[in-house]
Amino acid sequence: MKLDSSGLQVLSREECFALLAAAPIGRIVFTDRALPAVQPVNFHLDGRTIVIRTATGSKLAAATRHAVVAFEADEFDTELRTGWSVTAVGQACEVTDPAEIDRLAALPLTTWAPGSRDHFIVVAAEQVSGRRIPAERSMLMAARRRVRA
């Protein structure tokens, strides 16, 4: 197990994709009027591609058209003080091919937001990195806090 300088476990590319595939919600980071913007989205991992379903004409659809974006998903247990975070970076593209839209529409990607969501954005995950707070590290930190108290 490789650790970074903070003692967090560095996840392999495969571990990152496995965690992304199991996460129901993520955050897409994009530029909106020259400022960073973050929007929570539900998504589906299709191979190594992040698929997001949104409304045609939405701010997200307009802002991500052929832009380099970041995507982040995580999961934490505040009681056990464990968790993980995965970040992917890649170019976002709108899907316009009718056959590909039909294929993506058949994926198990149900939007949580109300209204019609018939526009697809895909992000090819070119760079992927992740970290995990191992359970043994969180237990060690809790023991240190008890000793100091």
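Since this is a predicted model, take the numbers as computed values, not measurements.

Visitor: Mind showing me how you'd approach the pattern of salt bridges here?
Guide: When charged atoms on two side chains of opposite charge get close, those side chains can pair. Per the counting criterion, the structure on display carries 9 salt bridges. The residue K59 makes a salt bridge to D32 at a minimum N-O spacing of 3.5 Å. With K59 in helix α2 (residues 59–63) and D32 in strand β2 (residues 25–32), this residue pair connects regions lying 27 residues apart in the sequence. For D32, a relative accessible area of 16% translates into the label buried. For R103, the salt bridge goes to D46, with nearest N and O atoms at 2.5 Å. Of this pair, R103 sits in helix α3 (residues 98–105) while D46 is found in strand β3 (residues 35–46), placing the two residues 57 residues apart along the sequence. Residue classification places R103 among the partly exposed positions, given a relative accessible area of 37%. Among the charged side chains, a salt-bridge network with shared partners connects R27, E72 and D74.

The rules we used
Residues numbered from 1 in each chain as written. Predicted model: local features only at pLDDT ≥ 70, side-chain atom pairs only at ≥ 80, totals over all residues. Heavy atoms only, no water. Salt bridge = Lys/Arg side-chain N within 4 Å of Asp/Glu carboxyl O. Helix = DSSP H or I, 4+ residues; strand = E, 2+ residues; numbered from the N terminus. Buried < 20%, exposed > 50% of the residue type's maximum accessible area, 1.4 Å probe, protein only.

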